[in-house]
Amino acid sequence: MPGTTPHGKPWGGRFSGAPDPVAERFTASLAFDRRLWPYDLEGSRAWARALKGAGLLTAEELAQILRGLDEVGQELAAGTFPFRAELEDIHMNIERRLQDKVGPVGGKLHTGRSRNDQIALDERLYLRDVIGRIDRGVRDIQSALIRRAEEHLGVPMPGYTHLQRAQPVLLSHHLLAYVFMFQRDRERFRDCLGRVNVLPLGSGALAGTAFAIDRDALARDLGFDRASPNSLDAVSDRDFILEFLSAAAILGMHWSRLAADLTLWATAEFGFVEFSDAFATGSSLMPQKKNPDVAELVRGKCGRLYGNLLAVLTTMKGLPLAYNSDMQEDKEPLFDSVDALEAILGVLPPLLASLTFNVERLAEAAAAHYATATDLADYLVKKGLPFRQAHEVVGGVVRHAVETKRALEALPLEDLKGFSPLFAADVFEAISVEASLRARAVRGGTAPETVRRALAEAKALAAEGL
Ligand code: ARG
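Residues numbered from 1 in each chain as written. Predicted model: local features only at pLDDT ≥ 70, side-chain atom pairs only at ≥ 80, totals over all residues. Heavy atoms only, no water.

**Some remarks on the site of the ligand**
For clarity, the threshold we go by: One heavy atom within 4 Å of a molecule or strand is enough for the residue carrying it to be called near that molecule or strand. By the criterion applied in these results, polar contacts are pairs of N or O atoms within 3.5 Å in which, for protein atoms, one can donate a hydrogen and the other can accept it, and in which residues neighboring in sequence qualify only through two side-chain atoms. Values of accessible area rely on a 1.4 Å probe in the Shrake-Rupley scheme; residue burial ignores everything except the protein chains shown. Here a helix means four or more residues in a row that DSSP labels H or I, a strand means two or more in a row labelled E, and each is numbered from the N terminus. All residues other than Ala, Val, Leu, Ile, Met, Phe, Trp, Tyr, Cys, Pro, Asp, Glu, Lys and Arg, Gly among them, are scored as polar; the first ten of these are nonpolar and the last four charged.
Every residue near the ligand is listed here: S29, H91, R115, N116, I119, Y323, Q328 and K331. Measuring from a nitrogen atom of the ligand, one finds a side-chain N or O atom of S29 at 3.4 Å. At 2.5 Å, a side-chain N or O of Y323 approaches an oxygen atom of the ligand. Compared with its free state, where it exposes 340 Å², the ligand has 85% of that area covered by protein. If you tally residues by element for the shell around the ligand, the top one is helix α6 (residues 115-151), at three residues. A breakdown of the residues in the shell around the ligand according to their chemical character gives two nonpolar, four polar and two charged.

If you want it as structure tokens, here you go:
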């Protein structure tokens, strides 16, 4: 075939010796970059149209190339594509297969293009798709949480700081906290998309293509917001991948906290929630066990999301401009993070939908352990005592209650009056869980009315997608 040598490399003309098979295996990326094939084809079609626009292909040649690319695409989609490992990567596999199909005219497709701008293009097209899917997936998780929050409106639970009982909150308030975290995750991906959606093609190997390609038209053809303004930057830049990986790591961190809450709540010690059998597993040894493996693995996958970000950051550190083969190492971490995200997006919505909350236990726990001591202090504040003094007084009341093994509301009014003359009969109503919740009607607080409004706000956010 024209332009190739006996050992089949498209760049073989310069070489007289055959590649060492070990080196060949070592440098090949086909095993992992083959997943980029739909984007490689999309980019090649657009590039062929741009070549035609620049007068480098006739209408007939363009038609032949597009037809050939379609046939190649059908083989790839059907799983019948004859992958050739010696062709290193997906780009050269597709290009060679095109030549098999349409003959020498296929050899015109790579005019003015390099695998350096080609891979940058493929990765950007790929991520554009992935970000759309992630946005939809995270919305599904938000919707699942919103449904659970709505079903349980009004159910109190203990809120924690330092993992110690702190103040009562609504279960819905706790669940909605995650909805708002996930909203910021969606915003981060959306923001990243703005920088992903820039056309690198036409940058050539590093200096820009030497043919009269209309890059603005090419950008429009591929649905990009604009063409990259510097060819060296366009082939060297992987910060769009780093941004994606950091958004993924932060999302994974949020997921890990949700998973940690649920696994904690499912313990006998908490007893706040039960995983359905469908989302738990048993122990091979202990017959009584029901393990929250799914949630644990959601939490566990966070580690690789962090690791992948660090791997690519480290690969990119100190690389001289422009393209370097080191950058081929960006793909496995990227794909691994995408796979982890998509796996979690698949499993979390049904897991959340199948949880059973133990409403009685949550409500009972909300009231226990002096959870409304702050409200007792606030009561004194409303009667005019400076907060610091009120805090001091109530500290004494709590110590007394602990010593006499009683709940706050079980203390006789006479005892309370011994700590401050400001205590009166209305104090008991003020330290009920309901009053404690109702009092926090500030925007963002846990009062039932406020949470109802936050729920509406959350619904509106989850309703609008990318
Ligand atoms: N497989 C390469 C990568 O993943 C594609 C670009 C290769 N360019 C080159 N000149 N070797 O980055």
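Alright, that's what it looks like, and here's the rest.
**Structural notes on a nonpolar patch on the surface**
Rules: A patch is a set of surface residues, each over 30% in relative accessible area and not in a salt bridge, joined within 9 Å for like charges and within 5 Å for the nonpolar side chains Val, Leu, Ile, Met, Phe, Trp and Tyr. Whenever Lys or Arg places a side-chain nitrogen within 4 Å of a carboxyl oxygen from Asp or Glu, that contact is recorded as a salt bridge.
Together, L206, L232 and L321 make up an exposed nonpolar region whose accessible area comes to about 280 Å². You can see L206 is positioned in the loop between β3 (198-199) and α8 (215-221).

**Some points on the packing of aromatic side chains**
Here a ring pair, both rings aromatic, is described through the centre-centre distance and the interplanar angle of the planes. Our working definition: Note on ring pairs: Phe, Tyr and Trp rings are taken, using the six-membered ring of Trp, and paired if centres are within 6.5 Å. Classes follow the plane angle, with under 30 degrees stacked, over 60 edge-to-face and the rest tilted. Placement of a positive charge over a ring is assigned whenever Lys NZ or Arg CZ falls within 6 Å of the ring centre and within 35 degrees of the normal to the ring plane.
According to the stated counting rule, one finds nine aromatic pairs in the structure shown. A connected cluster of aromatic rings, assembled from ring pairs, spans Y160, W265, F270 and F272. Taking the ring centre of F240 as reference, the NZ or CZ of R124 above it sits at 4.0 Å. Looking at R128, its charged tip hangs above the ring of F224, at a distance of 4.7 Å from the centre.

**Some details on the state of the cysteines**
For clarity, the cut-off: In plain terms, two cysteine sulfur atoms within 2.5 Å form what is called a disulfide here. When a residue's accessible area, from a 1.4 Å probe over protein chains only, is under 20% of the maximum for its type it is buried; when over 50% it is exposed; and in between it is partly exposed.
Under the criterion given, the structure shown has zero disulfides. We note that C192 lacks a disulfide partner, and the nearest cysteine sulfur, in C302, lies 18 Å from it. The buried category is assigned to C192, whose relative accessible area is 1%.

**Let's talk about helix α14 (residues 359-367)**
For an α-helix, 3.6 residues make a turn, and residues three or four places apart therefore share a direction. The condition is simple: This arc is built from the directions going out from the helix axis to the C-beta atoms. Contacts are residue-level and defined by heavy atoms, with any inter-residue pair within 4.5 Å sufficient.
Those residues of α14 lying buried are L362, A365 and A366. The arc enclosing the buried residues of α14, seen along the axis, measures out at 105°, which places them on a common side. Seen from the buried face of α14, the exposed residues on the opposite side, beyond 90 degrees, are E360 and E364. Looking at the buried positions of α14, the neighbouring elements they touch are β1 (156-161), β2 (164-170), α7 (171-196), β6 (356-357) and α19 (433-439). Looking one or two places after α14, you find H369, whose phi comes out positive at around 60°.

**Details of helix α15 (residues 373-382)**
Every buried residue belonging to α15 is among A373, D375, L376, A377, Y379 and L380, and all of these are buried. In this structure, the buried side of α15 is in contact with α16 (387-403), α18 (427-430) and α19. Where α15 ends, the next residue or the one after it, G384, has phi of about 105°, a positive value.

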